[in-house]
Amino acid sequence: MLCLVFIWIAAHVTAVPKMFIIDTVEDSLVPANLTILLTACAPGPGLQAMAMDYEIFLCVVFYAMPIVVMGYTYTAIAIKLWSSKAGILMESDSKAMMTQLKVRRRTAKMLIIVVIAFVILFLPVYIWNMIRLSAPETLSYMDDHIISGITLGALLLLVINSCINPIIYNFMSVKFRNEFRSVCHCWLKICAATDKGASNEVLRGGVRQEKVHGEYRRSRMTEYDSAGGKTSLTDA
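Residues numbered from 1 in each chain as written. Predicted model: local features only at pLDDT ≥ 70, side-chain atom pairs only at ≥ 80, totals over all residues. Heavy atoms only, no water.

Where an unreviewed UniProt entry is consulted, the protein chain appears under the name G-protein coupled receptors family 1 profile domain-containing protein, with the organism given as Pomacea canaliculata.

Pasting the structure below:
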């Protein structure tokens, strides 16, 4: 828990310089008479070099360093999982050993794919930001719609990175898929029970039973026998 709090604090602190470096400018693609809320962000006057240094800092701290750490740790884990010489496998019979080996190797592949997805999805936004800051004159030869499309596309990849891991786990981990299905099933049962309300009526053998505060109570009902006569059931 403390680690998560530290990460959130560090992320907010490192974003503070952007408040002073970046300024809002009018977006040429949005008509001026439409709204003043749709604006674009760009380095303030004379802050182009500082914005470039800040972007390099972000690339090193939040992209290069995580790749090095994940690359080392996940590679070590993948090698361990991929190995068939682990003691836990040698103690089992041949069939169980092969089953466990397949599961371990599937987990190793999943870790590798997670790292590759992080590298691919984060790379475009850093490359594009550095091009815009280091060589802004090259953008003058590009159409504004193309520039806007590339920027939005790079940002969209960041959003995809935030939600793609559970999708990878679902396709590559049987245990995750089963647990996720179990959670969804429990949630659906809770929703169904909530819709019924606090009072749950159940018909059993022609007697209406009403569940009140966790206990079933019989209520008076009238039944017709085969001769057409009435039979009353008293309260229980």
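Still to come is the rest of the account.
S.K.: Can you break down the overall build of the protein chain residue by residue, with the values?
M.R.: Secondary structure summary: the protein chain contains seven helices and seven strands in total. The helix and strand sequence of the protein chain, counted from the amino end, reads α-α-β-β-α-α-α-α-α-β-β-β-β-β. Counting only residues that meet the buried cut, the protein chain has 19% of its 236 residues in that class. Of all intrachain contacts in the protein chain linking residues separated by at least 6 positions in sequence, the fraction that spans at least 24 positions is 46%. On the protein chain, roughly 17,500 Å² of surface is accessible, and the fraction owed to carbon and sulfur atoms is 67%. (Helix = DSSP H or I, 4+ residues; strand = E, 2+ residues; numbered from the N terminus. Buried < 20%, exposed > 50% of the residue type's maximum accessible area, 1.4 Å probe, protein only. Contact = heavy atoms within 4.5 Å. Areas by Shrake-Rupley, 256 points an atom, 1.4 Å probe, with all protein chains shown as cover.)

S.K.: I'd love a proper account of helix H6 (residues 144-172), names of residues and values included.
M.R.: The end-to-end C-alpha distance of H6, which contains 29 residues, comes to 41 Å, matching closely the 42 Å that a straight helix rising 1.5 Å per residue would cover. At Cys-163, H6 shows its maximal bend, which comes to roughly 45 degrees, and the proline Pro-166 appears one to four places after that position. Listed in full, the buried residues belonging to H6 are Ile-147, Thr-151, Ala-154, Asn-161, Ile-168 and Met-172. The N-terminus of H6 is capped by Asp-143, whose side-chain oxygen sits 2.9 Å from the backbone nitrogen of His-145. (Expected span 1.5 Å × (residues − 1). Bend = angle between axes of the 7 residues up to and from the residue. Polar contact = N/O pair within 3.5 Å; in protein donor to acceptor, adjacent residues only side chain to side chain.)

S.K.: Would you mind going over the UniProt feature "signal peptide" (unreviewed entry) in the protein chain in detail, with residue names and values included?
M.R.: The residues that UniProt annotates with the feature "signal peptide" (unreviewed entry) are residues 1-15. For the annotated span residues 1-15, helix accounts for 93% and strand for 0% of the residues, and the straight-line distance between the end C-alpha atoms is 22 Å. (UniProt positions renumbered as here; feature names shortened; annotations may be inferred.)

S.K.: A description of the packing of aromatic side chains should follow, citing residues and the corresponding values.
M.R.: Applying the stated criterion across every chain, the model contains six aromatic pairs. Relative to Phe-122, the ring of Phe-118 lies with its centre 4.8 Å away and its plane at 35 degrees, an arrangement referred to as tilted. Here Phe-118 and its partner Phe-122 are both found in helix H5 (residues 94-134), four residues apart, which amounts to about one turn of the helix. Site record: aromatic cluster; members linked through ring pairs are Tyr-63, Phe-118, Phe-122 and Tyr-126. (Phe/Tyr/Trp six-rings, centres within 6.5 Å; stacked < 30°, edge-to-face > 60°.)

S.K.: Can you lay out the UniProt feature "transmembrane region" (unreviewed entry) in the protein chain for me, pointing to particular residues and giving the numbers?
M.R.: Here the UniProt feature "transmembrane region" (unreviewed entry) sits at residues 54-75, 107-127 and 147-172. A helix fraction of 100% and a strand fraction of 0% characterise residues 107-127, whose end C-alpha atoms lie 31 Å from each other. In residues 147-172, helix accounts for 100% and strand for 0%; the two terminal C-alpha atoms are 36 Å from one another.

S.K.: How would you explain the side chain of Glu-55 if you had to name every residue and give the values?
M.R.: Along the chain, Glu-55 turns up in helix H3 (residues 48-82). Within the buried set, Glu-55 has no salt-bridge partner at all; the shortest N-O distance to an opposite charge, 5.5 Å, is to Lys-18. (Lys, Arg positive; Asp, Glu negative; His and termini not counted. Salt bridge = Lys/Arg side-chain N within 4 Å of Asp/Glu carboxyl O.)

S.K.: Go over a nonpolar patch on the surface with me, naming the residues and quoting the values.
M.R.: The grouping of Met-1, Leu-4, Val-5, Phe-6, Ile-7, Trp-8, Ile-9 and Val-13 at the surface amounts to a nonpolar patch, some 930 Å² of accessible area in total. Examined against the element boundaries, Ile-7 turns out to sit in helix H1 (residues 2-15). Classification of Ile-7 by relative accessible area gives partly exposed; the value is 48%. (Patch = residues over 30% accessible without salt bridge, like charges linked within 9 Å, V, L, I, M, F, W, Y side chains within 5 Å.)

S.K.: Would you mind going over H1 in detail, with residue names and values included?
M.R.: Its 14 residues give H1 an end-to-end C-alpha distance of 20 Å, which sits within 8% of 20 Å, the value for a rise of 1.5 Å per residue. Counting buried positions along H1 yields one of 14 residues, so the element is predominantly exposed.

S.K.: Tell me about the nonpolar core, residues and numbers included.
M.R.: With 15 residues, the main nonpolar core has Tyr-63, Phe-118, Phe-122 and Tyr-126 as its most contacted residues. Taken together, the elements giving at least two residues each to this core come down to H3 and H5. By residue number, the principal contributor to this core is H3, which donates seven residues. If we ignore the near neighbours within four places in the chain, the residues touching Tyr-126 are Glu-55, Leu-58, Cys-59, Phe-62 and Tyr-63. (Core = buried A, V, L, I, M, F, W, Y, C linked by side-chain atoms within 4.5 Å.)

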